[in-house]
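Coordinates in review
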Amino acid sequence: EIYTQAFVGSVRCVQETELDIIKMFDSAGSIDGMFLYLRQIIAGQDDKEIVFKYIEAAAKLNKLPEVEAVIRENKCYDPARVKDYLIEMKLTDPRALIYLCDTHGYI
C-alpha cells in the first residue's frame, strides 16, 4: 500500500505541486509514503521545505544514512532548522548532525 501511495503521488505530481502531495501524505499520516515519494524527487531539489520534509521523514524512519547523504549532497536547506530538528530527534547516530554543524560553523 505504501508503494502504491508513493506511485500515486508521483503520478499526481503532474496535476498538483510537490508541496500539495507532501501535505496529502502528512494528512494521511503516511511517513513511509512521504519518504518513498520524496526519495524519487530529492536529487537536485532546490526547495528548502521539500528538502526539510525529506530529512524529517528519513529521520523519523531511522534512515540515518539517507539523512547524512542529503545533508552532504544538497545544500538547499535551512541549516539552523535542520540542526534544531536533528537535536530534538536525539538520533542514535549523530554523524549527520556532526557534519551539518561542522559545515555550517556550529562547532
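Summary of the structure given here. (Residues numbered from 1 in each chain as written. Predicted model: local features only at pLDDT ≥ 70, side-chain atom pairs only at ≥ 80, totals over all residues. Heavy atoms only, no water.)

**Things to note about the environment of Ala57**
Mapped onto the elements of the fold, Ala57 is located in helix 4 (residues 48–60). Distance in space between the C-alpha atoms of Ala57 and Asp32 is 7.5 Å, their sequence separation being 25 residues. (Helix = DSSP H or I, 4+ residues; strand = E, 2+ residues; numbered from the N terminus.)

**Brief notes about the packing of aromatic side chains**
This structure, assessed with the given rule, holds 3 aromatic pairs. Relative to Tyr37, the ring of Phe25 has its centre 6.0 Å away and its plane inclined at 35 degrees; by these criteria the two rings are tilted. You can see Phe25 sitting in helix 2 (residues 18–28) and its partner Tyr37 sitting in helix 3 (residues 31–41), a full 12 residues away along the chain. According to the relative accessible area criterion, Phe25 is buried, its value standing at 3%. Consider the rings of Phe35 and Tyr54, whose centres lie 5.4 Å apart with planes at 20 degrees: the pair is stacked. Note that Phe35 is positioned in helix 3 and Tyr54 in helix 4, a separation of 19 residues in sequence. Since its relative accessible area comes to 2%, Phe35 is described here as buried. (Phe/Tyr/Trp six-rings, centres within 6.5 Å; stacked < 30°, edge-to-face > 60°. Buried < 20%, exposed > 50% of the residue type's maximum accessible area, 1.4 Å probe, protein only.)

**Topic: the nonpolar core**
As a rule of thumb, nonpolar side chains are buried together in soluble globular proteins. In terms of nonpolar packing, the biggest core is built from 31 residues, with Leu38, Ile55, Val67, Ile71, Val82 and Leu86 touching the most fellow members. Contributing elements (two or more residues each) for this core: helix 2, helix 3, helix 4, helix 5 (64–73), helix 6 (79–89) and helix 7 (95–103). Apart from the residues within four sequence positions on either side, Ile71 is in contact with Ile55, Tyr77, Val82, Leu86, Ala96, Tyr99 and Leu100. (Core = buried A, V, L, I, M, F, W, Y, C linked by side-chain atoms within 4.5 Å. Contact = heavy atoms within 4.5 Å.)

By themselves, these figures tell us nothing about what the structure is for.
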